[in-house]
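This is what each chain is made of:
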Amino acid sequence: MSDIEEIRRRRIAELQQQAAAQQAQQQPSDAQSQEQMRRELEAQKKQAMMQILTPEARSRLANLRLTKPEFVEQIELQLIQLAQMGRVQSKITDQQLKELLRKLSGQKREINITWK
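Below, the structure is looked at part by part. (Residues numbered from 1 in each chain as written. Predicted model: local features only at pLDDT ≥ 70, side-chain atom pairs only at ≥ 80, totals over all residues. Heavy atoms only, no water.)

## Concerning the pattern of salt bridges
In total, this model carries 12 salt bridges according to the counting rule given. Of the charged contacts in the structure, one is a salt bridge between glutamate 6 and arginine 9, with a shortest N-O distance of 3.4 Å. Of this pair, glutamate 6 and arginine 9 both sit in helix 1 (residues 2-52), 3 residues apart, which is roughly one turn of that helix. The exposure class assigned to arginine 9 is exposed, which follows from its relative accessible area of 52%. We note a salt bridge from arginine 38 to glutamate 35, for which the minimum N-O separation is 2.6 Å. In this pair, arginine 38 and glutamate 35 are both assigned in helix 1, 3 residues apart and thus about one turn of the helix distant. Owing to a relative accessible area of 43%, arginine 38 belongs among the partly exposed residues under this scheme. Under the relative-accessibility criterion, glutamate 35 is labelled partly exposed at 32%. One connected set of salt bridges, linked through shared partners, spans Glu42, Lys45, Arg65, Glu73 and Glu76. (Salt bridge = Lys/Arg side-chain N within 4 Å of Asp/Glu carboxyl O. Helix = DSSP H or I, 4+ residues; strand = E, 2+ residues; numbered from the N terminus. Buried < 20%, exposed > 50% of the residue type's maximum accessible area, 1.4 Å probe, protein only.)

Below, the structure written as structure tokens:
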């Protein structure tokens, strides 16, 4: 009986090693596929922005992305949703984008520094 138990233990250990090896091989491929999907989504978003915004407005968003990337992400998603709903009849100009940014940014905090 001890021989059979030893064989079972070895076989279980082999199966565990094989499962661990398979899992290790799948993780990089999962990460690669997620990265590829992220790149594809970014390309689709960029294409949509080219259809929705004028070059000047895209430039303004690119500059704003340097300081407020999360805010720009929100705006881009909102613009894409508006375009999909058919609420954008023509390309959004830089002036229209500035007005939209003013409305979405809400109240700005005023910071006063006094020197003594």
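Text resumes after the structure shown.
## Here we look at helix 2 (residues 55-67)
Because each turn of an α-helix spans 3.6 residues, side chains separated by three or four positions end up pointing in the same direction. Restricting attention to buried positions, one finds in helix 2 the residues Ala57, Leu61 and Leu64. Down the axis of helix 2, the smallest arc covering the buried residues is 65°, so these residues share one side. Opposite the buried face of helix 2, by more than 90 degrees, sit the exposed residues Glu56, Asn63 and Leu66. (Arc of directions from axis to C-beta.)

## Quick word on a nonpolar patch on the surface
A surface patch of nonpolar side chains, amounting to about 490 Å² of accessible area, comprises Ile111, Ile113 and Trp115. Tracing the sequence through the fold places isoleucine 111 in the segment after helix 4 (94-105). (Patch = residues over 30% accessible without salt bridge, like charges linked within 9 Å, V, L, I, M, F, W, Y side chains within 5 Å. Areas by Shrake-Rupley, 256 points an atom, 1.4 Å probe, with all protein chains shown as cover.)

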